[in-house]
Amino acid sequence: MTIVEIGLPKRLVELTLDGESVRVPEGATILDACTAVGKSIPTLCYGDTLKPANACRVCMVEVEGSRTLVPSCSRKVEPGMVVRTESERTRHSRKLVLELLGSATDLSTTPHVDEWMSACGADPSRFGPDAETKLQPTTVDNPLYVRDYGKCIMCYKCVDACGDQWQNSFAISVAGRGFDARISTEFATPLPESACVYCGNCIEVCPTGALSFKREHDKRQDGTWDESKQSQTTTICTFCGVGCNLTLHVQDNEIVKVTSPHESTVTHGNLCIKGRFGWQHVQNR
Amino acid sequence: MSTVMSRRKKTEPYVRLTQPLVRDAGVLRPATWDEALDRAAEGFRRNVAQHGPDAFGMFSCARATNEMNYMAQKFTRAVIGTNNVDSCNRTCHAPSVAGLAKVFGSGGGTSSYQEIEDADLIILWGSNAREAHPIFFQHVLKAVNKGAKLYVVDPRLTSTGKWAHRWLRLNVGTDIPLAHAIAREIIASGLTNTSFVERATEGFEEFVKAVEPWTLPVAELETGVPAELIRELAHAYAKADRGQLSWTLGITEHHNGTDNVLSLINLSLLTGQVGRYGAGLNPLRGQNNVQGGGDMGAIPDRLPGFQDVTDPAVTAKFNAAWGSNIRAQKGWNLTQMLEAMERGDLTTVYIIGENPVQSEADCEHTVKRLSNLDHVVVQDIFLTKTAQLAHVVLPAAAAWCETDGTFTNSERRVQRVRKALTPPEGARDDIEIMSEIAVRLGAGWEHKTGEDVWDELRSLSPLHTGMSYRRLEELGGIQWPCPREDSLEPSFLHARLWENDPVKRGMPATFSPVPHSPPVDELTEEFPFRLTTGRRLDSYNTGVQSAGFESPLRKGETLDLCPQDAAVLGVVDGEEVKITSRRGQIQAPVRIDDGLTPGLVFMTFHFPDEIDVNVITIEATCPIAGTAEYKAAAIRIDKLPVKVG
Amino acid sequence: MDLKLLDVEPTEAERVVVDLFTGMGRDQLLPALHAVNDRVGWISQGALNHICRVLHIPPAEAYGVASFYSLFSLTERPAKVVHVCVDLACQVNGAKALCDRLTDELGPAGAKSGWLRSPCLGVCEKAPAALAFEAGEVAKEQLLAPTHAGEVIAVAAAGSSRSDDGRAEMPQAGSPGLRLLKRVGVVDPESLDDYRATGGYTALRTALLLGPSGVIREVTDAKLMGRGGAAFPTGRKWDATARQPVRPHYLVCNADESEPGTFKDRLLMEGDPFAVIESMTIAGFAAGCSKGYLYLRGEYPRALHLLRNAIAKARERNFLGENIMGHEGFSFDIEIRRGAGAYICGEETAIFNSIEGFRGEPRSKPPFPVEQGLFGKPTVVNNVETLVNVPVILTEGCEAYTRIGTSGSTGPKLFCLSGNVSRPGVYEVPFGTTLGALLELAGGVPPGRELRAVLLGGAAGGFVRPDELDLPLTLEDARAAGTTLGSGVVLVLDDTADLGSFLVRIAAFFRDESCGQCVPCRIGTVRQEEAMHRLVGKRPLSTSAQDLQLLREVGQVMRDSSICGLGQTAWNAIESALDRLGYAEEATS
């Protein structure tokens, strides 16, 4: 008896990536192809457990024959495709996208963004001191989450994780339009009055730290958050029999944060309120 | 005799135990580890010497690792010499294990989560997975969002039911009539999967006779489910290419829980919805390692890997490995042990990480029984209500984050548990504590790591042989069975039933013509309301763990009832009422819930320190599996007199 | 779905209109929002909550949708609100002075004062224009065009005595040789009999005889190109949809005409609504669609009433519905969807999201609409003008049709003339007519003025100079000249026009209308507007040359990396002004 496969085996597709011939399975994206050959492409709105939102446009690459640049995170490879990831156009686009983001939002807790900016010479201050921004006070309206929308780049990942891709709670949505677009509950009601069930799956996918756990936020505020002193250990949740994988972030023998491995076939990075927050009892000591 | 436990106390969160305690002159006092271990061992030795090994009982822990459970049953069998080992799976899913093992030979859910996503039809029966198993429900919703049909069978319209294409609102305790009516409709409509029934089952003829009386109109009258809905579900399930049937405690927590489970299994046999990719039967486990506890043999009738303790060839194998002398007879299950305490046949227990005083139905009764004992040893991370009754209390490490080992989940996936925290000073690893006691009882136990224990288990349980720690790490967990280190088995069980070759097909699956038996706690004029219990999203069991964090969703214990009943009783949302059953009386505030129907009320059991619901639940238990009928108590509700002043 | 609703209730009036949607689903969200807005003038928490209860929509999502559209208000406002156009053609015709007066007399634009600034209302031939909406048991609308401050103030306060019904100006009405406009201004747009008396429904009869593949062949051979701006071959689109095995197929008639300076589709829908319905029916037949949606911009109330009437009458006579014209097995019907103030909803995939009850954000392509369009099914999207060419092809034949225009651009074309022009309005000419000839047809710039520039194709188009008037108006010539015909906008600026504020308005338009989905457009349009203000106001960051450089770089990333055509073209007109009109030198000098 063999393990049942769903669907047909994948064919391989050959394409040219920065002058080199690459073969990847049919259905792979340009980003997958880049990853396969060890080429790193910056991404922000791309989520390994989510459908591409195509919103941030950091990962744009040039495809021969295409009028515009294409998002590598979602564009599927095609036979004979000729892709350039480091052309003048892609470099210009990446630089400007990072500058635009940096000019409107606080990227200070966005991982890797400094490296990307210096790699392409991005300078968000070019738009001047009067450039309109999204900076605003942090929202703290419940004991578990903090929302700092001055850091929000509108990647849609939290909305997708809360919505039909995973949690199906639909507590938040994108509201408004254009530069005024924002992540919001209905009529911006506080989270405790919304449909939020505090699964934390939005925070799990947030790429900028706009969403964070209260514990992390508080520790950052009082200067005791120190990732260099943190270990990450993956274990199993005890709150029901589903077997969710928990990654415990431990600093000074205290759990300070819980995430879940995105590659887990049980959770795909998702947890419920109990798994995400139900750890304090072991350290009431 | 009833006890009034009504005053709400806002209790502080539990604080970790870091020092052993021993009882002197009726009072628990701090002790050194050596003193406590000596006392623990001495008490066991004394009782076994006086009354024989069957005076000992082990309450193993469904939250601890497989390794701990393996050692606990080994301790019971090899060191003490009895099969009296069980765990709280008795309070929830023992009927699932009993039912599945009876029909198919092993007591695990038959499918994987991925198969749920790939199913065409999913039935959730007596399960509020949206709140009790949220991540499992995400897999269900993946299927639903892809177009699968979801049917929910539940007396309450829960948040799970709100996702259903059809909600079948049945009367509490009428699961068997409903299942039988579905079966009868399938048979009568010529939708029986005859090639499966003929090939892989037996007892079909008797089954047909048993369900014959349950016509749609008769079933509608008994279950309250409209005939048309029963018919629709029957046809949908029989016609689905891949049908999944999952259940939770709504099925098992009844006095006839095993029969309930069997009545659902019948449906899968009738339609061939088992043993194929995407089709299966899946009990959703309520605790992290309920599956593993049973797999590890921490149950009175099976040795590790579901090997029959009454089979002399099996016991011989274990005796050879352990140098022990296991008797080839079933031990007592948890319910039987509690009864044996009352009779005085069981005089000492070793309770690891369990809180029966608060988790058992009719808890006052449980307190009395434990108080009867000569020697109670409790090993836990907190001084629980149960620990407060102990003679020796041993502070343990928290299994899930302070030890290395494995848990087994509801899809039979064994996954690594890893030590992330150093236990607080003074607390010790479960296995280490147990080994210390074993050594004091004369067993030559050496200290073993989790991996050492696991490798010993692998050498004795063919289900687990292929699962080295290295492989578990590499593959992100492995589903049992996994007999070989170089291959993986299909993600579903019982493919053998579809084999053409009768030898490969093996033991046929037997239909169970189970009888209908209404809830024991009868509704009368004096006790006119049916109380059923369940979980809420942000809380867990007796609340010992979930009270550790502040949840914006948590509203405390309430008595949920429908607006019509509230109107009749003249009570409003938030109003405190008196709730009385034949066993006890409590007070709780009212919460109005549109999802309930007249005559049906709901409570959780998450806040026993404030309102102890198990004071009023019934201890009527399933004779096969020993699980109590938490889901069906008869109660009365009284408006409290208006306070003056 | 386990919905969590807010703890607020609707008013009785709100409940009554929302309850009419009982039993319906998500795709009725936009109609339900309109129903509430028509009844009370804004969307209260209680009303939105009740919509969510009735349609089973999570409140956060419904809020996200409601807050997307500029015609809806989620805060209280009076039942009557006057939308005053400040867009390109109106700006050229005194909108700024009008708004200044209103600010003085009524207070700043907003809910309190009862008047709002609006993007293009599509009445550019009668600029400046305003449109009053009044909620009530029977919602009323009143088009004020051309208007003046006194009238707006009077209307905002009470009613006005205006007697005209807001019908479009049609300078060519009754001229011989018209094909697309032959009935406009001539026949009664409410009468199906009049329509049939002037050749109506002969094309559908021909189509039913030809069969779907025959129709597609005629349209393909006629080389009909889309008239919405992208100029995609219509036959190929229909063919690709018709071939998809998945059912059902949908047809969407894109009547969300919102490109500033465009009003041709309004003229067609108001002047010849049955032609739009017949054309849609033919398209539905050819592409195998069982249902058509006519997505009409929310600012066209007159078109809405006339189209509703046309659809009802067509149903009565079996020109819509089951077995149309006795043709066994061909069933087709049309539902009108009103937009609610969002330019982006004219984008062919944003329109799907809007109809489905989601935010009108464009989707990433691929997959293309012909594969996965409305409700994930194969879908044809055609502009109104494109569709009304089809009966012409099916009555005159594809060969005759290709003799109109040029070999690269066949058929007649509608142009919307507005701005500083003597006889503004929609003009039908064959492709290939020169820009100069077209301007002459409209009487040129007012007497005594000099032509300064012509904006071709709208805000997303480009400028041409007075010395380029011999440009033949064809797709290929426009492309060769580095400009575009777009949706047929010909907005004329004479020497009195303030080019700087005109450009600032273009930048503001894109900023206002960006859906906000992708970074280059969401933030780029803001930076573009900021830089234009600095450039025009001569307040550079350091030097104007640097601001120009910044503009160019932002423009490039919007063009290269935006998701949809809005962002990709948001820089076109400004770039052409800088380079083609020499505004770059003017600004830096």
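For clarity, every value in this text was computed on a predicted model and none was experimentally measured.

Draft legend 1. Looking closely at helix 6 (residues 95-106) of chain C. All names here are of chain C. With twelve residues, helix 6 ought to run about 16 Å at 1.5 Å a step, and its terminal C-alpha atoms sit 16 Å apart, in line with that. All of the buried residues in helix 6 are Ala95, Leu98, Cys99 and Leu102. Down the axis of helix 6, the buried set is contained in an arc of 95°. They therefore lie on one face. For helix 6, the exposed residues set more than 90 degrees away from the buried face come down to Lys96, Ala97 and Asp104. Residues of helix 6 that are buried in the fold lie against strand 1 (80-85), helix 5 (88-92), strand 2 (115-118) and helix 7 (149-157). The first or second residue beyond helix 6 is Gly107, which carries a positive phi of 100°.

Draft legend 2. Spotlight on the pattern of salt bridges. Tallying each qualifying case throughout the model produces 95 salt bridges over all chains. In this structure, the salt-bridge partner of Arg440 of chain B is Asp38 of chain B, at a minimum N-O distance of 2.5 Å. Here Arg440 of chain B, found in helix 20 (residues 430-440), pairs with Asp38 of chain B, found in helix 1 (residues 33-51); they are 402 residues apart in sequence, far enough to count as distant. You can call Asp38 of chain B partly exposed: its relative accessible area is 41%. For Arg337 of chain C, the salt bridge goes to Glu335 of chain C, with nearest N and O atoms at 2.9 Å. Residue classification places Arg337 of chain C among the buried positions, given a relative accessible area of 2%.

Draft legend 3. Spatial organisation of the sheet that holds strand 3 (residues 130-134) of chain C. Residue and element names in this part refer to chain C. As summarised here, the arrangement of the four strands in space is 2-1-3-4, forming an open sheet in which the pairing is mixed. At either margin of the open sheet sits one strand with a lone partner, and together these are strand 2 and strand 4 (140-144). In this sheet, adjacent strand axes meet at a mean angle of 20° when their direction is disregarded. With five bridges connecting them, strand 3 and strand 4 associate as antiparallel partners. Its bridge partner being in strand 4, Leu131 is matched across the sheet by Leu143.

Draft legend 4. Focus on the nonpolar core. The biggest cluster of nonpolar side chains holds 213 residues, and the ones touching the most others in it are Leu294, Phe463 and Ile506 of chain C. In terms of residue count, the dominant contributor to this core is helix 12 (residues 273-287) of chain C (ten residues). In this view, Leu294 of chain C contacts Cys253, Ala255, Met269, Val276, Ile277, Met280, Leu307, Ile334, Glu335, Ile336 and Arg337 of chain C; residues no more than four positions away in its chain are not counted. If you look at the next biggest cluster of nonpolar residues, it comprises 102 residues, including Val258 of chain A together with Ile381, Phe382 and Trp400 of chain B.

Draft legend 5. Quick look at the side chain of Thr408 of chain B. Residues and elements named next belong to chain B. With respect to the element layout, Thr408 can be found in strand 17 (residues 405-408). Look at Thr408 and you get buried, because its relative accessible area is 1%. Those residues in contact with Thr408 that sit more than four places away from it in its chain are Asn66, Asn288, Asn289, Gln291, Gly292, Asp295, Arg413, Val414 and Trp480.

Draft legend 6. Summary view of unusual backbone geometry. The omega torsion of the bond from Trp480 of chain B to Pro481 of chain B falls at 5°, within 30 degrees of zero and hence cis. Checked against the element boundaries, Pro481 of chain B lands in the loop between strand 19 (478-479) and helix 23 (502-505). Between Arg247 of chain C and the following residue, Pro248 of chain C, the backbone shows a cis peptide bond with an omega angle of -5°. Mapped onto the elements, Pro248 of chain C comes out in the loop between helix 10 (234-242) and strand 5 (249-255). Positive phi, close to 50°, is recorded for Ala25 of chain B, a residue that is not glycine. With relative accessibility at 82%, the residue Ala25 of chain B sits in the exposed group. Phi is positive for Phe306 of chain B, which is not a glycine, with a value near 55°. Examined against the element boundaries, Phe306 of chain B turns out to sit in the loop between strand 12 (302-303) and strand 13 (307-308).

Draft legend 7. Inspection of the interface of chain B and chain A at higher detail. Facing the 67 residues of chain B at the interface are 56 residues of chain A. Roughly 4,700 Å² is buried in total at the junction of chain B and chain A, and carbon and sulfur atoms are behind 64% of that figure. The three residues of chain B that bury the most area against chain A are Ile135, Gln138 and Trp400 of chain B, which together make up 15% of that side's buried surface. At the junction of chain B with chain A, the criterion picks out zero salt bridges. On inspection of chain B and its partner chain A, the count reaches 22 residue pairs in polar contact (both at pLDDT 80 or more). A breakdown of the residues in the side of chain B that touches chain A according to their chemical character gives 31 nonpolar, 16 polar and 20 charged.

Draft legend 8. Up close: the packing of helix 9 (residues 202-221) of chain C against helix 15 (residues 384-396) of chain C. Residues and elements named next belong to chain C. Closest axis-to-axis distance for the helix 9/helix 15 pair is 10 Å, and the angle between their directions is 95°. By the angle class used here, helix 9 and helix 15 are roughly perpendicular. Taking contact as the criterion, the partners of Thr202, Ala203, Thr206, Ala207, Leu210, Val215, Glu218 and Val219 in helix 9 are, on helix 15, Val390, Pro391, Ile393, Leu394 and Thr395. Its residues assigned to classes, the contact of helix 9 with helix 15 comprises nine nonpolar, three polar and one charged.

Draft legend 9. The arrangement of the packing of helix 2 (residues 66-80) of chain B against helix 21 (residues 450-460) of chain B in detail. Residues and elements named next belong to chain B. Here helix 2 crosses helix 21 at 65°, and the two axes come no closer than 9 Å. Considered as vectors, helix 2 and helix 21 are oriented roughly perpendicular to each other. Where helix 2 crosses over helix 21, the handedness of that crossing is left-handed. Facing helix 2, whose interface residues are Asn66, Glu67, Tyr70, Met71 and Lys74, helix 21 presents Gly450, Val453, Trp454, Glu456, Leu457 and Leu460.

Draft legend 10. Expanded view of the state of the cysteines. All names here are of chain C. Under the defined criterion, the tally for this structure stands at zero disulfides over all chains. Cysteine Cys253 remains unbridged, with the sulfur of Cys289 as its closest cysteine sulfur at 12 Å. Here Cys416 is not cross-linked by a disulfide; its sulfur's nearest cysteine counterpart is in Cys124, at 7.4 Å.

Draft legend 11. Examining the pairing of strand 16 (residues 392-395) of chain B more closely. Residue and element names in this part refer to chain B. Burial of strand 16 is two-sided: the residues Val392 and Leu394 facing one way and the residues Val393 and Pro395 facing the other way are all buried. Pairing of strand 2 (residues 21-24) with strand 16 involves two bridges; the strand directions are antiparallel. Its bridge partner being in strand 16, Leu21 is matched across the sheet by Val393. Bridge analysis of strand 15 (residues 375-380) against strand 16 gives four bridges, and the strand direction is parallel. When the sheet's bridge partners are listed, Asp380 is paired in strand 16 with Pro395.

Draft legend 12. Local environment of helix 15 (residues 312-322) of chain B. Residues and elements named next belong to chain B. Considered for burial, the residues of helix 15 that qualify are Val314, Thr315, Phe318, Asn319 and Trp322. Down the axis, helix 15 shows its buried residues gathered within 130° of arc, on one side only. In helix 15, the exposed positions angled more than 90 degrees off the buried face are occupied by Pro312, Ala313 and Ala320. N-capping of helix 15 is provided by Asp311, with a side-chain oxygen placed 2.9 Å from the backbone N of Ala313. Looking at the residues trailing helix 15, positive phi occurs at Gly323, about 65°.

Each value, and the rule that gives it
- Residues numbered from 1 in each chain as written.
- Chains lettered and ligands numbered in written order.
- Predicted model: local features only at pLDDT ≥ 70, side-chain atom pairs only at ≥ 80, totals over all residues.
- Heavy atoms only, no water.
- Helix = DSSP H or I, 4+ residues; strand = E, 2+ residues; numbered from the N terminus.
- Expected span 1.5 Å × (residues − 1).
- Buried < 20%, exposed > 50% of the residue type's maximum accessible area, 1.4 Å probe, protein only.
- Arc of directions from axis to C-beta.
- Contact = heavy atoms within 4.5 Å.
- Salt bridge = Lys/Arg side-chain N within 4 Å of Asp/Glu carboxyl O.
- Pairing = 2+ DSSP bridges.
- Axes fitted to C-alpha atoms, helices over the stretch in contact; angles between N-to-C directions.
- Core = buried A, V, L, I, M, F, W, Y, C linked by side-chain atoms within 4.5 Å.
- Buried area = accessible area lost by both parts, 1.4 Å probe.
- Polar contact = N/O pair within 3.5 Å; in protein donor to acceptor, adjacent residues only side chain to side chain.
- Nonpolar A, V, L, I, M, F, W, Y, C, P; charged D, E, K, R; others polar.
- Parallel < 35°, antiparallel > 145°, perpendicular 65-115°, else oblique.
- Left-handed = near helix turned anticlockwise from the far one by under 90°.
- Disulfide = S-S within 2.5 Å.

Just geometry here; none of it tells us what the structure is for.
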